[in-house]
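Chain by chain, the residues run as shown.
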Amino acid sequence: LAHYLQSIDVGPEVLVGICLERSLEMVVGMLGILKAGGAYLPLDPDYPKERLAFMVEDAQPRIVLTLLSIKERLPKTELLCLDCEDERLSQLDTRNPRSGVGQGNLAYVIYTSGSTGKPKGVCCHHQGAINTNVDLVERFKITSEDRVLGLSSQSFDLSVFDVFGMLGAGGALVLASERDSETKEPKKAGPDPQRWIEMVEKHKISVWNTVPAFMELIVNYCEQDHRPIPESLRVVMMSGDWIPPTLPGRIHAMSANPTGIRVISLGGATEAAIWSNMFEVRKGWNPSDHGWSCIPYGRPLRNQTMYILNDETMEHCEPWVTGVIYIGGAGVALGYFND
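Residues numbered from 1 in each chain as written. Predicted model: local features only at pLDDT ≥ 70, side-chain atom pairs only at ≥ 80, totals over all residues. Heavy atoms only, no water.

Visitor: Any details on the packing of helix H9 (residues 212–225) against helix H10 (residues 247–254)? Residues and values, ideally.
Guide: Their axes nearest at 10 Å, the elements H9 and H10 cross at an angle of 45°. With respect to their mutual orientation, H9 and H10 come out oblique. Handedness of the H9/H10 crossing: left-handed. Contacts between H9 and H10 involve Pro212, Met215, Glu216, Val219, Asn220, Cys222 and Glu223 from the former and Leu247, Arg250, Ile251 and Met254 from the latter. (Axes fitted to C-alpha atoms, helices over the stretch in contact; angles between N-to-C directions. Helix = DSSP H or I, 4+ residues; strand = E, 2+ residues; numbered from the N terminus. Parallel < 35°, antiparallel > 145°, perpendicular 65-115°, else oblique. Left-handed = near helix turned anticlockwise from the far one by under 90°. Contact = heavy atoms within 4.5 Å.)

Printed below as a string of structure tokens:
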């Protein structure tokens, strides 16, 4: 795939769209684009057609990777349906091509939710993604023995760690397909924590990386079913939303891991390479013991900085004075695409 993309002039700073569900093809697409030297643009097939059309028109990718079953959801643009071209692609060179990229080159463009107006494409470079991934891989001692359950869409930057952090460390990514994540009971539409628990047990998942609400579903299910969280799970990373203060304690209490489970709160922004700060909630630690109603936001990750500044004067706030969080360091993105 990388060699094919290079043959159509994909290289540094060239965007390639990828409109695929969580699947083997999605991972092949992400890796192939980066190996070619290009940058990937995730286009979630579940997005409304109007949003997909806006993103394609705004970003103007060189080509969009997709499947025959999904192509009708996309606007008229140049497409490569991986399931149609498998035979042709398999005849190309299988050696790693020279990508020609450096740490400052574009790695991916993820569009924001658009909550403040039109969605904006965040341009993230290789340096930022590598810095964050290497930090967490070393911090949590991720090895070839580890496995993560991939529940995040490629349009959500938690997937950057699932794919590149885990595979880069020699670990494994166990992809939960869309059908693995939906309950089969007609009156209970939505995520299926029972299926997730079964996958954690079957595949000996050791690393969990999702929004807090998904982990809370797991804990609720285990408590109701009077079963522990499987002992293989040793690191729980939660980010992307507020963490209920009691949730970490419930995770510790339900864990069957004989050496204990690490519960990590991560924070940051897509504009700063996935995460910029973390706080580890250790067993027995409770925010209410300190008079707090929430878990602290934490401290900066490696090569990253966080400041609390007066938004008008840009001066540092004194302790306990409310200000605005500013993120700096290696993770800060290149900017917004065409903005």
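Resuming the write-up.
Visitor: Any details on the nonpolar core? Residues and values, ideally.
Guide: By size, the foremost hydrophobic cluster in this structure holds 66 residues, and its most contacted members are Leu5, Leu43, Tyr108, Met237 and Trp275. Leu43 has contacts with Gly17, Ile18, Cys19, Leu20, Leu52, Met55, Val56, Val64, Leu74, Gln154 and Ser155, leaving out every residue within four places of it along the chain. Core analysis: the next-biggest nonpolar cluster, separate from the first, contains 27 residues, Trp196, Ile218, Cys222 and Ile251 among them. (Core = buried A, V, L, I, M, F, W, Y, C linked by side-chain atoms within 4.5 Å. Buried < 20%, exposed > 50% of the residue type's maximum accessible area, 1.4 Å probe, protein only.)

Visitor: Can you lay out helix H2 (residues 24–36) for me, pointing to particular residues and giving the numbers?
Guide: With 13 residues, H2 ought to run about 18 Å at 1.5 Å a step, and its terminal C-alpha atoms sit 18 Å apart, in line with that. All buried positions along H2 are accounted for by Met26, Val27, Gly29, Met30, Gly32, Ile33, Leu34 and Ala36. Two residues or fewer past H2, Gly37 is found with a positive phi of approximately 100°. (Expected span 1.5 Å × (residues − 1).)

Visitor: Can you break down the environment of Asp135 residue by residue, with the values?
Guide: Take Asp135: it is sitting in helix H5 (residues 126–139). Considering only alpha carbons, one finds Asp135 and Gly291, 156 residues apart in sequence, at a separation of 31 Å.

Visitor: With reference to specific residues and values, describe a negative patch on the surface.
Guide: A cluster of like negative charges, contributed by Glu25, Asp83, Asp86 and Glu87, occupies part of the molecular surface. If you trace the backbone, Glu87 turns up in helix H4 (residues 86–90). (Patch = residues over 30% accessible without salt bridge, like charges linked within 9 Å, V, L, I, M, F, W, Y side chains within 5 Å. Areas by Shrake-Rupley, 256 points an atom, 1.4 Å probe, with all protein chains shown as cover. Salt bridge = Lys/Arg side-chain N within 4 Å of Asp/Glu carboxyl O. Lys, Arg positive; Asp, Glu negative; His and termini not counted. Charge placed at Lys NZ, Arg CZ, Asp CG, Glu CD.)

Visitor: How would you explain the packing of helix H8 (residues 193–203) against H9 if you had to name every residue and give the values?
Guide: Two elements in contact, H8 and H9, have axes separated by 9 Å at closest approach and are oriented at 90°. Accordingly, the angle class assigned to the pair H8 and H9 is roughly perpendicular. Contacts between H8 and H9 involve Pro193, Gln194, Trp196 and Ile197 on the former and, on the latter, Phe214, Leu217, Ile218, Tyr221 and Cys222. Here the contact of H8 with H9 is composed, by residue class, of eight nonpolar, one polar and no charged. (Nonpolar A, V, L, I, M, F, W, Y, C, P; charged D, E, K, R; others polar.)

Visitor: Describe the packing of aromatic side chains, listing the residues and the values that go with them.
Guide: Each pair of aromatic rings is reported with the distance of its centres and the angle of its planes. Taken as a whole and assessed by the stated rule, the structure comprises eight aromatic pairs. Seen in terms of ring centroids, Tyr40 and Phe164 are 6.2 Å apart; in terms of plane orientation they differ by 35°. Their pairing is tilted. Of this pair, Tyr40 sits in strand E2 (residues 39–42) while Phe164 is found in helix H6 (residues 158–168), placing the two residues 124 residues apart along the sequence. Each member of the aromatic cluster is reached from another via a ring pair, and the members are Tyr40, Tyr108 and Phe164. (Phe/Tyr/Trp six-rings, centres within 6.5 Å; stacked < 30°, edge-to-face > 60°.)

Visitor: A description of the pattern of salt bridges should follow, citing residues and the corresponding values.
Guide: In the structure shown here, the tally under the stated rule is 13 salt bridges. Where Glu280 meets Arg282, a salt bridge forms, and the shortest distance between an N and an O atom there is 3.7 Å. According to the relative accessible area criterion, Arg282 is exposed, its value standing at 54%. Connected via shared salt-bridge partners are Glu201, Asp225 and Arg227.

Visitor: Which residues make up the state of the cysteines, and what values do they have?
Guide: Using the criterion set out here, one finds zero disulfides in the structure. Left unpaired, Cys123 is separated from the closest cysteine sulfur, that of Cys124, by 7.6 Å. (Disulfide = S-S within 2.5 Å.)

Purely spatial values, then, with no claim about function.
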